[in-house]
Amino acid sequence: MDVFSDILRTLRLRATVFLHACFYGNWAVDTSGDKRATFHMVVRGGCWLHLPGQKAPIALTGGDLIVFPHDAEHTISNSPTPPPATFPRNRPPPQDQEAQGVTLICGYFEFERHQWNPVLEALPQVMVVHEQSGTGMPFSDSLGRYLAYEVETEQSGGELLVDRLSEILFIHVVRRHLAANRGEGFIAALADERIGRVLSRIHAAPAEAWSVESMAELAGQSRSAFSSRFTQLAGLSPMLYLTRWRMTLANERFLTTAESVEQVAEKVGYQSGIAFAKAFKRHFGYGPGAARRARLSEETVTEA
């Protein structure tokens, strides 16, 4: 089981481009404050990334990509000197054909299911991917160029294609981060041979009668050694991780199927519907009935 894919699929990754513009002269862009993960891709030209508390700006050039998984404060501008707070943001000036412009594509990364997301939680505040970073990944450079081509040519079906390419772009950036940062947090848990094996099995068979002992046996460790290592890497205990993922799957089934509480309980590893309902309410703050009503409400809106 590919744990990374399973999480993204279940929590429903979505991406969209909201700005494509060429900036000339003095300008500044700052999209923070929307409480959404954002990305900026420099299509052509050069500019500077300014971050609070960082003395030196980061130079950016065509093909570079910046991702803010947690809506971190930032400013991108034409100058290595940060613009004053009173300087207007996000306003492309009138085009000057004689000036050298900087073209940006900006977008959002979101998850339809706004709940616990171990992948997103493990990402840093800022991720900068330079085009000439030498990732060794196929199509790592051409992906950004293809996205820029679709945005700029505005062909039939282009909007949908741009959204899908943006989603692929996010996955690519996170995979790159996974490969380069195997010693930190949940990312380290995925990369760890023993812990990763357990996580893979949990995601493949969440309804299995798991216990710390059975997980430790699968990892080939003692109970105490496994529990300590899992908690150290994943940031929560093995059973709490299992419970959170089971509740995530259960909520998704309530939102997408007409299954009963008992049916959902069985599919996520609970023998008692009553025990499951109590655990579900304790986890989300509302019961299975409220989750099912949310699905019915969505269906009513769709039919209307």
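Residues numbered from 1 in each chain as written. Predicted model: local features only at pLDDT ≥ 70, side-chain atom pairs only at ≥ 80, totals over all residues. Heavy atoms only, no water.

### Focus on helix 11 (residues 273-284)
The test is simple: Runs of H or I in DSSP of at least four residues are treated as helices and runs of E of at least two as strands, each being numbered from the N terminus. Here the expected span of a helix is defined as 1.5 Å times the quantity of residues minus one. Each residue is assigned to one of three classes by its accessible area relative to the maximum for its type, calculated with a 1.4 Å probe on protein chains only: buried under 20%, partly exposed between the two thresholds, exposed over 50%. The reported arc concerns the directions from the helix axis to the C-beta atoms and nothing else. Polar contact is defined as a pair of N or O atoms within 3.5 Å, subject to the rule that within protein one atom must be able to donate a hydrogen and the other to accept it, and that residues adjacent in sequence are counted only when both atoms are side-chain atoms.
Between its first and last C-alpha atoms helix 11 spans 16 Å; for twelve residues at 1.5 Å apiece the expected length is 16 Å, and the two agree. When helix 11 is considered as a whole, its buried residues turn out to be G273, F276, A279, F280 and F284. Looking straight down helix 11, one finds that the buried residues subtend no more than 125° of arc, so they occupy a single side. Among the exposed residues of helix 11, those pointing more than 90 degrees away from its buried face are I274, K278, K281 and R282. Where helix 11 starts, the residue carrying a side-chain oxygen 3.3 Å from the main-chain nitrogen of I274 turns out to be S272. Phi turns positive one or two residues past the end of helix 11, at G285, with a value near 90°.

### Focus on the packing of helix 7 (residues 212-219) against helix 8 (residues 223-234)
The condition that has to hold: Note on geometry: axes are C-alpha line fits, over the in-contact stretch for helices, and angles between N-to-C directions span 0 to 180 degrees. Should an angle fall under 35 degrees it is taken as roughly parallel, and over 145 as roughly antiparallel, whereas 65 to 115 is taken as roughly perpendicular and any remaining angle as oblique. What makes two residues a contact is simply this: any of their non-hydrogen atoms within 4.5 Å. Residues are sorted three ways: Asp, Glu, Lys and Arg are charged, Ala, Val, Leu, Ile, Met, Phe, Trp, Tyr, Cys and Pro are nonpolar, and all the rest, Gly among them, are polar.
At a minimum axis distance of 9 Å, the contact between helix 7 and helix 8 shows a crossing angle of 90°. Overall, the two elements helix 7 and helix 8 adopt an arrangement that is roughly perpendicular. Across the interface between the two elements, V212, E213, M215, A216 and A219 from helix 7 touch R223, F226 and S227 from helix 8. By residue class, the composition of the contact of helix 7 with helix 8 is five nonpolar, one polar and two charged.

### So, the sheet that holds strand 1 (residues 13-23)
The cut-off we apply is this: Two strands pair under a simple rule: DSSP has to find at least two bridges between them.
Spatially, 1-8-3-6-9 is the arrangement adopted by the five strands of the open sheet, whose pairing is antiparallel. Of all the strands in the sheet, just strand 1 and strand 9 (127-129) have a single pairing partner and so form its edges. Each strand axis lies, on average, 15° off the axis of its neighbour in the sheet, ignoring direction. Where strand 3 (residues 37-44) and strand 6 (residues 65-68) come together, four bridges link them in antiparallel fashion. Bridge pairing in strand 6 places F39 opposite V67. The sheet strands contacting helix 4 (residues 158-180) are strand 1, strand 3, strand 6, strand 8 (102-111) and strand 9, and the helix crosses strand 1 at an angle near 100°.

### Quick word on unusual backbone geometry
Of note in this structure, D71 is not a glycine but carries a positive phi near 60°. With respect to the helices and strands, the residue D71 is situated in the loop between strand 6 and strand 7 (75-77). In this structure, N90 is a non-glycine residue whose phi angle is positive, near 60°. Relative to the assigned elements, N90 resides in the loop between strand 7 and strand 8.

### Brief notes about the packing of aromatic side chains
Given two aromatic rings, one states the distance between the centres and the angle between the planes to describe the pair. Here is the rule: What counts as a ring pair is set by centres within 6.5 Å for rings of Phe, Tyr and Trp (its six-membered ring), and what kind of pair is set by the plane angle: stacked under 30 degrees, edge-to-face over 60, tilted for all other angles.
Counted by the stated rule, this structure contains 16 aromatic pairs. Ring geometry for F186 and Y241: centres 5.9 Å apart, planes at 20°, overall stacked. Placement of the pair is F186 in helix 5 (residues 185-191) and Y241 in helix 9 (residues 238-256), with a sequence separation of 55 residues. Of the two residues, F186 and Y241, both sit in the buried class. Ring centres of F280 and F284 lie 4.7 Å apart, and the angle between their planes is 45°; on these two criteria the pair is classed as tilted. Of the two residues, F280 and F284 are both situated in helix 11; the distance of four residues between them amounts to about one turn of the helix.

### A closer look at helix 6 (residues 193-204)
End to end, helix 6 covers 16 Å across twelve residues, agreeing with the expected 16 Å (1.5 Å per residue, within 8%). When we look at burial in helix 6, the residues that qualify are I195, G196, V198, L199, S200, I202 and H203. Each element contacted by the buried residues of helix 6 is listed here: helix 1 (3-11), helix 5, helix 7, helix 8 and helix 9. Near the N-terminus of helix 6, the side chain that reaches the backbone nitrogen of R194, with its oxygen 3.0 Å away, is that of D192.

### What about the nonpolar core?
So the rule is basically this: By nonpolar core is meant a set of buried Ala, Val, Leu, Ile, Met, Phe, Trp, Tyr and Cys residues that side-chain atoms within 4.5 Å join together.
Counting 67 residues, the largest nonpolar core has F226, Y241 and F276 as its most contacted members. Discounting residues that sit within four places of it in the chain, F226 has contacts with I195, V198, V212, M215, A216, A219, Q221 and P238. Residues V29, L49, L51 and A72 belong to the second largest nonpolar core, which totals 16 residues.

### Quick look at the confidence of the model for the chain
Put simply, the test is: Within a predicted model, pLDDT stands for the predictor's per-residue confidence, ranging from 0 to 100.
Scored by pLDDT, the chain comes out at a mean of 86, with 89% of its residues at no less than 70. When pLDDT is averaged over each helix and strand of the chain, the minimum, 66, is found for helix 12 (residues 288-303) and the maximum, 97, for helix 7. Under a pLDDT of 50 for its full length, residues 300-304 has, in the predicted model, zero contacts with residues more than four places off or in other chains.

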